[in-house]
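# Reading the structure
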Amino acid sequence: MTVMEPVKGGALANPSDEVKALFKEANPALSPASWAIRYVASMDGIITVLSGMSNIAQMEDNLSYMRDFKPLNEAEQAVIARVQETLKKDNSIKCTACHYCTDGCPMGIAIPEIFAVKNDQIKKPSWDNGSQAYAIATQGKGKASDCIACGQCEGACPQHLPIIELLADCTDME
């Protein structure tokens, strides 16, 4: 079996400070991305892990632990379990901003940008409920309330997000 995006479009490469601390406590030499990739690569039946990289440093990081691959040991699996519990508490929208959802949107809605503003509001509410950031993110593009619920976006989303429902939740920022 082949796995794509084990780092969730980069989202797991830069996790919350709480998750970073768990990883650093266990092994300060390993990057958060390395934990995600090794977790997937350690599963039975996985023969290929396709990790997207944006620069040479990320490629070198991947090579550093995959060149002489060692599956996660029991202690590392326990760290992953703690991280998973922490991630379950995160109520942000799990959009990786891949933009697959926007390519065929008949309304030209700025879906990832809207979700990013909503996530910022979840983490640190602003005085205007994100209205100003929302206006900037949607300038010249469709807004959440423009959604006609055609479902094109949901069929294209590799994260299988309920985009129509999530957009409805974002209209409060308009």
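Keep in mind that this is a model prediction, so the values were computed, not measured.

### Looking at the state of the cysteines
Under the criterion given, the structure shown has zero disulfides. Free of any disulfide, C157 has its nearest cysteine sulfur in C98, 6.2 Å distant. Taking relative accessible area as the criterion, C157 reaches 10% and is therefore assigned buried.

### What about the nonpolar core?
Counting residues in each nonpolar core, the largest one holds 19 residues, and the members touching the most others are I111, I114, F115, I163, L167 and C170. Going through the elements one at a time, helix 5 (111–123), helix 6 (131–137) and helix 8 (163–170) are the ones with two or more residues in this core. Formed by nine residues, the second largest nonpolar core is a distinct cluster that contains V19, F23, L30 and V83.

### Section: the packing of aromatic side chains
Note on aromatic pairs: each is described by the distance of the centres and the angle between the planes. The final tally for this structure, using the stated rule, is one aromatic pair. With centroids separated by 4.9 Å and ring planes inclined at 15°, the aromatic side chains of F23 and W35 adopt a geometry described as stacked. Taken together, the positions of F23 in helix 1 (residues 17–26) and W35 in helix 2 (residues 32–41) put the pair twelve residues apart, joining distant regions of the chain. With respect to burial, F23 and W35 carry one shared label: buried.

### Some remarks on helix 2
With nine of its ten residues buried, helix 2 lies for the most part within the structure. Every buried residue of helix 2 is listed here: P32, A33, S34, W35, A36, I37, R38, V40 and A41. Among the structural elements, strand 1 (2–4), helix 1, strand 2 (48–50), helix 3 (56–66) and helix 4 (74–88) are those in contact with the buried residues of helix 2.

Reading the values: the criteria
Residues numbered from 1 in each chain as written. Predicted model: local features only at pLDDT ≥ 70, side-chain atom pairs only at ≥ 80, totals over all residues. Heavy atoms only, no water. Disulfide = S-S within 2.5 Å. Buried < 20%, exposed > 50% of the residue type's maximum accessible area, 1.4 Å probe, protein only. Core = buried A, V, L, I, M, F, W, Y, C linked by side-chain atoms within 4.5 Å. Helix = DSSP H or I, 4+ residues; strand = E, 2+ residues; numbered from the N terminus. Phe/Tyr/Trp six-rings, centres within 6.5 Å; stacked < 30°, edge-to-face > 60°. Contact = heavy atoms within 4.5 Å.

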